[in-house]
Amino acid sequence: MTTVTATSCPLALLHRVSSPDALRDSFSRMDSDKWPTAGKKITHQYHEMYQRYLAPFIRERCSQLDADPAPRVRFLEIGLGCGMEAVRGKPGGGVAIWRTIFPPPFVLDLYVFEFAASCAQKWELAHPGQVTKVLIGDQSNVTDLDRAYAEAGSAPFDFIVDDGSHVSDHQITTLLHAHKQSFLKPTTGVYFIEDIQGSCASWPVMGGNGARATLGSWSKDGKASKTGTWVRGTSGCMQTDEGKPTLFAKLVEWQTLLAAGSKTAFTHVDLFREAAVLQWTNL
């Protein structure tokens, strides 16, 4: 077993974030769809994105342990994973990953924001101590976002991950409000958005609200049912089926402005397969 001292991080952690493949392989059997894992019906390729942005942060903090032997990390993930059972998932997959990526000597203040209240509350009771707090609310409602931020201590986060509804309107609302209200640390904070392919396709949003109302479901043959709220992307990727700009359209707009040297809300926009990364300074 690796000994942790005031001047070192676990060697296993440093190896885990040493390359995208090392990060992927470290979690090959964990219950998450963030990268290829055993037995998953749906998997993504987010290990390249997370390794690129988390590894420098971890290495820097590990190099500064003499000055700060217990570096604190404020982390918010939108979406606990409620409703993923039909695609061989279950709530809390992301929680397990973040706790493994930020073990001692890191002090992880981990908050999860989830719409499906009954599922989230049941999970929190069954997994005491796994998160700092589960926050309940609708990511498309700025009042809910402000309340959740207050419940999380009203201090900016180092990292925010949007793995919520995947609806473009919701993703855009959450991002712009987080920027406006300074939910993220300026310059150093990193905002991740998963499942941006929702701009180019549509499927039912899974999960339920506090009254257990169904928002979406999957039929037994794996095809999406036509019930509940849908993601509403279209094949052109630039407009929803209601004619509104998709998240992808906004990302292209912001990248174009940055490339032209024009003023935009964001200082950095990076695109990955099915995901995006943004950063900003203070307003």
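Residues numbered from 1 in each chain as written. Predicted model: local features only at pLDDT ≥ 70, side-chain atom pairs only at ≥ 80, totals over all residues. Heavy atoms only, no water.

J.: Go over the overall build of the chain with me, naming the residues and quoting the values.
T.: Along its length, the chain carries eight helices and nine strands. Within the chain, the proportion of its 283 residues that are buried is 48%. Once local pairs closer than 6 in sequence are excluded, the contacts in the chain between residues at least 24 apart make up 66%. Of the roughly 13000 Å² that the chain leaves accessible, carbon and sulfur atoms contribute 52%. (Helix = DSSP H or I, 4+ residues; strand = E, 2+ residues; numbered from the N terminus. Buried < 20%, exposed > 50% of the residue type's maximum accessible area, 1.4 Å probe, protein only. Contact = heavy atoms within 4.5 Å. Areas by Shrake-Rupley, 256 points an atom, 1.4 Å probe, with all protein chains shown as cover.)

J.: Give me the confidence of the model for the chain: which residues, what numbers.
T.: Atomic detail in the predicted coordinates should be set aside for any region of low pLDDT. Looking at the chain, pLDDT values average 86 and 82% of them are 70 or higher. Of the regions scoring below 50 in pLDDT, residues 1–6 engages in nine contacts with residues more than four places distant in sequence or in other chains. (pLDDT = per-residue confidence, 0-100.)

J.: Report on the state of the cysteines, specifying residues and quantitative values.
T.: Taken as a whole and judged by the stated rule, the model has three disulfides. The disulfide that involves C200 links it to C237, with 2.1 Å between the sulfurs. Its S-S torsion of about 125° marks the bond between C200 and C237 as right-handed, since a negative value means left-handed. Here C200, found in the loop between β5 (190–194) and β6 (207–208), pairs with C237, found in the loop between β7 (214–216) and α8 (247–259); they are 37 residues apart in sequence, far enough to count as distant. Across the chain, the disulfide pattern expressed with sequentially numbered bonded cysteines is 1-2, 3-4, 5-6. (Disulfide = S-S within 2.5 Å.)

J.: Describe the packing of helix α6 (residues 142–151) against helix α7 (residues 168–180), with residues and values.
T.: Where α6 contacts α7, the two axes come as close as 10 Å, and the packing angle between them is 50°. Compared by their axis directions, α6 and α7 come out oblique. Crossing hand, α6 versus α7: right-handed. Counted together, V142, L145 and D146 of α6 and T173, T174 and H177 of α7 form the full contact between these two elements. When its residues are assigned to classes, the contact of α6 with α7 shows two nonpolar, three polar and one charged. (Axes fitted to C-alpha atoms, helices over the stretch in contact; angles between N-to-C directions. Parallel < 35°, antiparallel > 145°, perpendicular 65-115°, else oblique. Left-handed = near helix turned anticlockwise from the far one by under 90°. Nonpolar A, V, L, I, M, F, W, Y, C, P; charged D, E, K, R; others polar.)

J.: Which residues make up the sheet that holds strand β3 (residues 133–136), and what are the values?
T.: The sheet built from seven strands is open, its strands ordered β3-β2-β1-β4-β5-β9-β8 with mixed pairing. The open sheet has two edge strands with one neighbour each: β3 and β8 (268–272). Direction aside, the axes of adjacent strands within the sheet are offset by 15° on average. In this fold helix α3 (residues 47–63) packs onto β1 (72–78), β4 (159–162), β5, β8 and β9 (275–279), with an angle of close to 135° to the strand it touches most, β8. Across the sheet, helix α5 (residues 117–126) lies against β2 (107–114) and β3, angled at about 170° from β3, the strand it touches most. (Pairing = 2+ DSSP bridges.)

J.: With reference to specific residues and values, describe the side chain of D162.
T.: With respect to the helices, strands and loops of the structure, D162 is situated in strand β4. D162 sits in the buried class, given a relative accessible area of 0%. Residue contacts for D162: discarding those within four places in its chain leaves I78, Q139, Q171, T174, Y191, F192, I193 and E194.

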